[in-house]
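Structural overview
This is what each chain is made of:
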Amino acid sequence: MDFTFTEEQQAAAEAAKGVFAGVAPDTVPSPALTTGAVADTFDRALWARLADADLLSLLLDARHGGAGLDAIALCLVLRESARVLARVPLLENSAAAAAVQAYGSEEAKAALPARAGRGELVLTVAAHGRTGHDPAEPAVTARRDGGVWVLDGVQTAVPWAYDADVTVVPAHTETGRTVLALVPRDQEGAVLAEQFSTSGERLGELRLESARLAARDVIDADGAWEWLRDLLTTGTCALALGLGERVLRMTAQYTSEREQFGFPIATFQAVAVQAADRYIDLRAMEATLWQAAWRISSGAPGALPVAGDVAVAKIWAAEGVRRVVQTAQHLHGGFGADVDYPLHRYHAWAKHLELSLGPAAAHEEALGDLLAAHPLA
């Protein structure tokens, strides 16, 4: 395999750097200073700049106004967004639009991807199930009633639920298949209840009670949910990597300037060893991320299905980003808890990313199941 990025992928990353250069992490709303949600909505001004830079349509084909790039390009952009704690539904909107483009009905393809790519519509995905640990698809049932689908169940911790125009909801049928329902914000039978992330963002518990959707608004294609889930999880790993890299850089700068006994504490062996361990974590997070993104983008075969590489990447991302922010807090001392300094914001976001799309333990279970079903020679 070759992990050299193409010119198009590098151009997307450079464009993202330009857009995110204007975001100051120390001005991002702090969950330590706010009761309830840190803001009523996401950063709409930044969203408009992303749309103007064509970064919301990376995965879309030219017929939908997109660049026709792949998961690797999206992960490069997400990596940059996490370095500055960008408060935008970039991952969810991009992944949902790409899923509709690839698997949706002709009516859905005409109505959603192009507008989502221009920032006119916001799409999100209900991917956490009832607990955030177990698979999402068993949490909602879908059954046919004549020419419509009827949905019942609950999905927890839906990101940007109150801002989204359409929420993509995985649901299981009586035959055990998984479909994707495109649930509009004003759908009858769909109710939201407020929840809050550790980052202070407002999430939504989505309750579906006999919600009736036309067949055109339900994606019934084989593999659609698995593809979307793998892309979302891999994108979450990219966010964790970008955040972790920024935190380690902040730690390196602080420890090189902070002195004890007349020397920078970065020169102390105990400090240097801890920082080196976290650097190794980040490199492992990076290698497993690009492996997963490459499998999704290329469709290349492997010893395990793509989900195996995605599980490995999420295990490293969840454990690695937690260790990075914990070490950073330790090496910063009391300064790391100062609400005028952005580190505590990164810590709160890291905990959210660690648990998003399942903690490490959930992906270890999934990986074990895959290994049992596909014994390695």
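Preceding this paragraph is the structure being described.
What comes next is a walk through the structure. (Residues numbered from 1 in each chain as written. Predicted model: local features only at pLDDT ≥ 70, side-chain atom pairs only at ≥ 80, totals over all residues. Heavy atoms only, no water.)

In terms of helices and strands, the protein carries eleven helices and ten strands. Relative to the compact-globule value of 21 Å for 377 residues, the protein shows a C-alpha radius of gyration of 21 Å, a close match. Principal-axis analysis of the C-alpha atoms places the extent of the protein at approximately 80 × 55 × 40 Å. When burial is assessed residue by residue, the protein has 54% of its 377 residues classed as buried. Contacts spanning at least 24 positions in sequence make up 74% of the contacts within the protein whose residues lie at least 6 apart. By element, 53% of the accessible surface of the protein is carried by carbon and sulfur atoms, the whole surface being about 15800 Å². (Helix = DSSP H or I, 4+ residues; strand = E, 2+ residues; numbered from the N terminus. Rg over C-alpha atoms; globule rule 2.2 N^0.38 Å. Buried < 20%, exposed > 50% of the residue type's maximum accessible area, 1.4 Å probe, protein only. Contact = heavy atoms within 4.5 Å. Areas by Shrake-Rupley, 256 points an atom, 1.4 Å probe, with all protein chains shown as cover.)

Together, Asp 134, Glu 364, Glu 365 and Asp 369 give the surface a local cluster of negative charge. Positionally, Glu 364 belongs in helix 11 (residues 360-373). (Patch = residues over 30% accessible without salt bridge, like charges linked within 9 Å, V, L, I, M, F, W, Y side chains within 5 Å. Salt bridge = Lys/Arg side-chain N within 4 Å of Asp/Glu carboxyl O. Lys, Arg positive; Asp, Glu negative; His and termini not counted. Charge placed at Lys NZ, Arg CZ, Asp CG, Glu CD.)

This brings us to helix 7 (residues 224-257). Compared with the 50 Å implied by 1.5 Å per residue over 34 residues, the 50 Å span of helix 7 between its first and last C-alpha is a close match. Counting buried positions along helix 7 yields 25 of 34 residues, so the element is predominantly enclosed. (Expected span 1.5 Å × (residues − 1).)

Glancing now at the pattern of salt bridges. Applying the stated rule across the entire model yields 26 salt bridges. Residues Glu 245 and Arg 83 are paired through a salt bridge, measuring 2.5 Å at the closest nitrogen-oxygen approach. Taken as a pair, Glu 245 in helix 7 and Arg 83 in helix 3 (residues 71-83) lie far apart in primary sequence, 162 residues in all. The partner of Asp 220 in a salt bridge is Arg 177, and the shortest N-O contact between them spans 2.6 Å. Residue Asp 220 is found in the loop between strand 8 (218-219) and helix 7, and its partner Arg 177 is found in the loop between strand 4 (166-172) and strand 5 (178-184); the two are separated by 43 residues along the sequence.

A few words now on the pairing of strand 2 (residues 140-145). Note: strand 2 against strand 3 (residues 148-159), six bridges, orientation antiparallel. By the bridge assignment, Val 140 is partnered in strand 3 with Gly 153. Hairpin connection of strand 2 to strand 3: two residues between the antiparallel strands, including Gly 146 at a positive phi of 70°. (Pairing = 2+ DSSP bridges.)

Here helix 4 (residues 90-103) contains 14 residues, and its C-alpha end-to-end distance of 20 Å stays within 8% of the 20 Å for a straight helix at 1.5 Å per residue. The buried fraction of helix 4 amounts to twelve of the 14 residues, a majority that puts the element mostly inside the structure. Those residues of helix 4 not exposed but buried are Leu 90, Leu 91, Glu 92, Asn 93, Ser 94, Ala 95, Ala 96, Ala 97, Ala 98, Ala 99, Val 100 and Gln 101.

With their axes 10 Å apart at the nearest point, helix 4 and helix 7 run at an angle of 155° to one another. Between helix 4 and helix 7, the interaxial angle falls into the category roughly antiparallel. Of the two elements, helix 4 crosses helix 7, and the hand of that crossing is right-handed. Residues Leu 91, Glu 92, Ala 95, Ala 96, Ala 98, Ala 99 and Tyr 103 of helix 4 lie in contact with helix 7, whose contacting residues are Ala 224, Trp 227, Leu 228, Leu 231, Leu 232, Gly 235, Thr 236 and Leu 239. (Axes fitted to C-alpha atoms, helices over the stretch in contact; angles between N-to-C directions. Parallel < 35°, antiparallel > 145°, perpendicular 65-115°, else oblique. Left-handed = near helix turned anticlockwise from the far one by under 90°.)

With respect to the secondary-structure elements, Glu 92 resides in helix 4. The buried charged residue Glu 92 lacks any salt bridge, with Lys 314 as its nearest oppositely charged partner at 12 Å. Discounting residues that sit within four places of it in the chain, Glu 92 has contacts with Leu 123, Thr 124, Val 125, Pro 159, Trp 160 and Leu 232.

Further remarks concern the pairing of strand 6 (residues 190-196). As defined by bridge partners, strand 6 adjoins strand 7 (residues 202-214) across seven bridges and the pair is classed as antiparallel. For Glu 194, the partnering residue across the bridge sits in strand 7 and is Gly 204. The loop that links strand 6 with its antiparallel partner strand 7 comprises five residues; one of these, Gly 200, has a positive phi angle of about 90°.

Residues Phe 20, Leu 50, Leu 228 and Leu 243 are the most contacted members of the largest nonpolar core, which totals 88 residues. Element by element, the count of residues in this core is highest for helix 7, at 14 residues. Sequence-distant contacts of Leu 228, defined by excluding residues within four places in its chain, comprise Ala 95, Ala 96, Ala 99, Val 125, Val 168 and Leu 180. One finds Val 140, Trp 149, Val 158 and Ala 171 within the second-largest nonpolar core, a separate group that totals 17 residues. (Core = buried A, V, L, I, M, F, W, Y, C linked by side-chain atoms within 4.5 Å.)

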